[in-house]
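Chains, contacts and geometry: an overview
Each chain, letter by letter, is given below.
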Amino acid sequence: MGKRMIIEAPAKINLILDIKGKRPDGYHELETVMHQISLADRIILNPCASGIKLGINSGLVPYNESNLAYRAASVFFQKNGFKGGIEIFIEKNIPVGAGLAGGSTDAAAVLLGINEIYEYNLSEELLLEMAAELGSDVPFCVLGSSALARGRGEILTPLPSAVSLAIVLVKPDFQLSTAEVYSKFELAKVEQFPDTRAFLAAWGRGDVEDIAVNMVNVLESVSIRIHPEIAVIKERLKELGALNAVMSGSGPSVFGIFKERKGAAQAAETLRKWYSEVYLVSSYKRGDYDGKKEIIAGRP
Ligand code: ATP
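Keep in mind that this is a model prediction, so the values were computed, not measured. (Residues numbered from 1 in each chain as written. Predicted model: local features only at pLDDT ≥ 70, side-chain atom pairs only at ≥ 80, totals over all residues. Heavy atoms only, no water.)

1. Considering the pattern of salt bridges
This structure, assessed with the given rule, holds 15 salt bridges. R23 serves as the salt-bridge partner of D25, at 2.8 Å between the closest nitrogen and oxygen. Accessibility expressed as a relative area gives 43% for D25, which makes it partly exposed. The salt bridge involving K79 is made with E133; its shortest N-O contact spans 2.7 Å. Of this pair, K79 sits in helix 1 (residues 68-79) while E133 sits in helix 3 (residues 124-134), and the two are 54 residues apart along the sequence. Residue classification places K79 among the partly exposed positions, given a relative accessible area of 46%. Each of the salt bridges in this network shares a partner with another, and the network as a whole consists of D18, K20 and E31. (Salt bridge = Lys/Arg side-chain N within 4 Å of Asp/Glu carboxyl O. Buried < 20%, exposed > 50% of the residue type's maximum accessible area, 1.4 Å probe, protein only. Helix = DSSP H or I, 4+ residues; strand = E, 2+ residues; numbered from the N terminus.)

2. Observations concerning the domain arrangement of the chain
Per the domain assignment, the segments making up the chain are domain 1 (5-159) and domain 2 (166-282). Spacing between the C-alpha centres of domain 1 and domain 2 amounts to 23 Å. Residue-level contacts link 27 residues of domain 1 with 33 residues of domain 2. For the domain 1 and domain 2 pair, buried surface summed over both sides reaches about 2400 Å², with 67% attributable to carbon and sulfur atoms. Counting the surface domain 1 buries against domain 2, the share from its top three residues, L15, I16 and L17, is 24%. At the boundary of domain 1 with domain 2, the tally comes to zero salt bridges. Summed over the shared surface of domain 1 and domain 2, the result is ten residue pairs in polar contact (both at pLDDT 80 or more). Taken together, the elements giving at least two residues each to the side of domain 1 that touches domain 2 come down to strand 1 (5-22), strand 2 (28-48) and strand 5 (146-151). Here the side of domain 1 that touches domain 2 takes nine residues from strand 2, the largest share from any one element. Looking at side-chain class alone, the side of domain 1 that touches domain 2 contains 15 nonpolar, nine polar and three charged residues. (Domains from an automatic or database assignment. Contact = heavy atoms within 4.5 Å. Buried area = accessible area lost by both parts, 1.4 Å probe. Polar contact = N/O pair within 3.5 Å; in protein donor to acceptor, adjacent residues only side chain to side chain. Nonpolar A, V, L, I, M, F, W, Y, C, P; charged D, E, K, R; others polar.)

3. As for the layout of surface pockets
Size it by volume and the largest pocket reaches roughly 970 Å³. Lining the largest pocket are 41 residues, and of these A101, S104, D137, T178 and S250 sit closest to its centre. Contributions of two or more residues to the lining of the largest pocket are made by strand 1, strand 2, helix 1, helix 2 (102-117) and helix 5 (178-183). Along the lines of polarity and charge, the residues of the lining of the largest pocket split into 19 nonpolar, 17 polar and five charged. Of the domains in this structure, domain 1 (5-159) and domain 2 (166-282) are the two that each give at least three residues to the lining of the largest pocket. (1 Å grid on protein atoms, 1.4 Å probe; cavity = no way out; pocket = protein on both sides within 12 Å on 5 of 7 lines; lining within 4 Å. Points joined across faces, edges and corners; volume = space filled by probe spheres on them.)

4. Re the site of the ligand
Within the structure, the ligand sits among 20 residues, and G97, L100, A101, G103 and D137 are positioned closest to it. Here a nitrogen atom of the ligand sits 2.9 Å away from a polar atom, N or O, in the main chain of L68. Between the ligand and K92 there is a distance of 3.0 Å, counted from a nitrogen atom to a side-chain nitrogen or oxygen. Out of a free accessible area of 610 Å², the ligand has 78% covered by protein chains. (Near = heavy atom within 4 Å. Areas by Shrake-Rupley, 256 points an atom, 1.4 Å probe, with all protein chains shown as cover.)

5. Looking at the packing of aromatic side chains
Overall, the coordinates contain five aromatic pairs when judged by the stated rule. Taking 6.0 Å as the distance between ring centres and 20° as the angle between the ring planes, the aromatic pair formed by F199 and W203 counts as stacked. Residue F199 and its partner W203 are both found in helix 6 (residues 196-205); the two are separated by four residues, about one turn of the helix. Using a relative accessible area of 0% as the deciding quantity, one classes F199 as buried. (Phe/Tyr/Trp six-rings, centres within 6.5 Å; stacked < 30°, edge-to-face > 60°.)

6. Quick notes on the environment of L100
As for its placement among the helices and strands, L100 is situated in the loop between strand 4 (85-91) and helix 2. In this structure, the C-alpha to C-alpha distance between L100 and K12, residues 88 residues apart in sequence, is 5.1 Å. The residues contacting L100, other than those within four sequence positions of it, are A11, K12, I13, I94, P95, L169, S248 and S253.

7. A look at the pairing of strand 9 (residues 254-258)
Here is the key point about a regular strand: its side chains alternate between the two faces of the sheet. Burial within strand 9 is extensive, with five of its five residues counted as buried. Pairing of strand 7 (residues 166-170) with strand 9, which is carried by five bridges, proceeds in the antiparallel orientation. When the bridges of strand 9 are listed, L169 appears paired with F255. Pairing between strand 8 (residues 244-247) and strand 9: four bridges, direction antiparallel. Directly across from N244, in strand 9, lies its bridge partner I257. (Pairing = 2+ DSSP bridges.)

Here it is in structure tokens:
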């Protein structure tokens, strides 16, 4: 039996998010750049004789088989005819229902962790296939760092770690349902679309100002209608010196990119007067960029 293992499960933000239309299967065709940040859950895995046991230090996430971390272990065991067991403890640091892929990153950490702890040595391709079954954001979380994601999120192009960003993240004290935001999305109501090419060119140059200027999230057109406070947070971040500020995923978290860590720290301190959940974070890097072109997680 393998040894106990502690894995970091970082949150992601969406630096750009565009919707290209609706697919025949009901999902939206996405084009988004996902970026892992230094705000992470900790997943503690303990091999045991049989079954999947779950522990968690938060009352905000399901404490049963529907927990994404539990589902990840279950899918891993089923696919690989596994007979042993695992104890999973989740130390939740990532705000829940916040557009930060908290559940998805826990699931990815469990897949990666079981693969290592029990020395399965499954290929990245097989891990990504299981990830795609668990949810749209899980393949990216398996891959890590930064990537352009298309389709439902399963067509991934890894991006080099061009820059380390200074980020202030604000999670207002309400949640937004991803399903509700997507179901209310209307292309006609979008005021600004991202220019993905321009963003990627700025990323390639490592030009923080240009990266920030090109950040756009079309889902703001829905989320701000439901919660106008999101627009207020964006404005406050910009007034406090952010080069730009946008919502992450389907919200409600909003983040601002700063030129330097010092300015970000000052802005975070001011924002703490109004919001109880303000995080001063930076880019999270996992592994070395190996120049992979495009990866498709699971069968199309
Ligand atoms: P995404 O950005 O991927 O749409 P999110 O960050 O908006 O996700 P999550 O924090 O992943 O939202 O939570 C979404 C839902 O998933 C919540 O209703 C939560 O109860 C459920 N969930 C299941 N397992 C987990 C987990 N391990 N951690 C967080 N949420 C979980």
